[in-house]
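Here is how the chains run, residue by residue.
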Amino acid sequence: AQRVTQPEKLLSVFKGAPVELKCNYSYSGSPELFWYVQYSRQRLQLLLRHISRESIKGFTADLNKGETSFHLKKPFAQEEDSAMYYCALSGPVRGKLIFGQGTELSVKP
Amino acid sequence: GAGVSQSPSNKVTEKGKDVELRCDPISGHTALYWYRQSLGQGLEFLIYFQGNSAPDKSGLPSDRFSAERTGGSVSTLTIQRTQQEDSAVYLCASSLDSRGTEAFFGQGTRLTVV
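Residues numbered from 1 in each chain as written. Chains lettered and ligands numbered in written order. Predicted model: local features only at pLDDT ≥ 70, side-chain atom pairs only at ≥ 80, totals over all residues. Heavy atoms only, no water.

**Some words on the state of the cysteines**
Residue and element names in this part refer to chain A.
Logical step 1: Under the defined criterion, the tally for this structure stands at 2 disulfides over all chains.
Logical step 2: Two residues share a disulfide in this structure: Cys23 and Cys87, whose sulfurs sit 2.0 Å from each other. Across the disulfide from Cys23 to Cys87, rotation about the S-S bond amounts to roughly -65 degrees, and the bridge is consequently left-handed. Residue Cys23 is found in the loop between strand S3 (19-21) and strand S4 (24-26), and its partner Cys87 is found in strand S9 (residues 83-90); the two are separated by 64 residues along the sequence. (Disulfide = S-S within 2.5 Å. Helix = DSSP H or I, 4+ residues; strand = E, 2+ residues; numbered from the N terminus.)

**A look at the layout of surface pockets**
Logical step 1: Counted as a void, the largest pocket has a volume near 710 Å³.
Logical step 2: Forming the boundary of the largest pocket are 30 residues, of which A:Gln38, A:Tyr86, B:Gln37, B:Leu39 and B:Arg110 lie nearest the centre.
Logical step 3: Secondary structure elements with two or more residues in the lining of the largest pocket: S9 and strand S11 (103-108) of chain A together with strand S4 (31-38), strand S8 (88-95) and strand S10 (109-113) of chain B.
Logical step 4: Partitioning the lining of the largest pocket into residue classes produces 10 nonpolar, 16 polar and 4 charged.
Logical step 5: Breaking the lining of the second largest pocket down by element, the ones donating at least two residues are strand S1 (3-5) and strand S10 (97-99) of chain A together with strand S5 (42-50) of chain B.
Logical step 6: For the lining of the second largest pocket, the class distribution of residues is 5 nonpolar, 4 polar and 3 charged. (1 Å grid on protein atoms, 1.4 Å probe; cavity = no way out; pocket = protein on both sides within 12 Å on 5 of 7 lines; lining within 4 Å. Points joined across faces, edges and corners; volume = space filled by probe spheres on them. Nonpolar A, V, L, I, M, F, W, Y, C, P; charged D, E, K, R; others polar.)

**Re the interface of chain B and chain A**
Logical step 1: The interface of chain B with chain A comprises 24 residues on the first partner and 24 residues on the second.
Logical step 2: Across the chain B to chain A interface the summed buried area is about 1,900 Å²; carbon plus sulfur atoms make up 49%.
Logical step 3: For the pair chain B and chain A, the interface holds 1 salt bridge.
Logical step 4: Between B:Asp56 and A:Lys96 there is a salt bridge, and its shortest N-O distance comes to 3.3 Å.
Logical step 5: Summed over the shared surface of chain B and chain A, the result is 8 residue pairs in polar contact (both at pLDDT 80 or more).
Logical step 6: At the level of elements, S4, S5 and strand S9 (103-105) of chain B are the ones that each hand at least two residues to the side of chain B that touches chain A.
Logical step 7: Here the side of chain B that touches chain A is composed, by residue class, of 10 nonpolar, 11 polar and 3 charged. (Contact = heavy atoms within 4.5 Å. Buried area = accessible area lost by both parts, 1.4 Å probe. Salt bridge = Lys/Arg side-chain N within 4 Å of Asp/Glu carboxyl O. Polar contact = N/O pair within 3.5 Å; in protein donor to acceptor, adjacent residues only side chain to side chain.)

Right, here's the structure in full:
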């Protein structure tokens, strides 16, 4: 079964510190992995996807198939990064999009 | 240039009443999703429509929940005999196709059952 696990409900760091939001998944196949972000009073929106191998707003995420992980990283957190982050998975069969429980990132000045 | 639109934005209803939540996806998007967002529960998958295929209803929590998508466009999520535990934000999203493409979300409907 498809499952996405984000073990941390809340992650609090100081401005300028590195940040890593953890995401583990279970899927018997080759999934597509995504990170979505929801800033305060805004809609949920795509941050990045693993197939693009891009860096958005300084964030990167590498798919590790051996560890079934897709952790989100940023070397120097900014206050404007404070938001709710969701890891998501889409399987090859019909593409159902499943989300994790979310991690609230709080970046303190 | 409208995005995904949901109505109403807020709905307060009495326990036991039925409610209908509406979603207007982006024109041309074949995939449409409904999720429930509640504190501590993250984004709970409810139902998924893809083109003319039968919907994936595996996330609907009980038979009080149903959804339809008419003409491959507008979707309605219906909750019958609402309960207090149904209180949550209901999110709709659409995407161009079924895999790997960005899902665009509506602003959500906040449902409060009193």
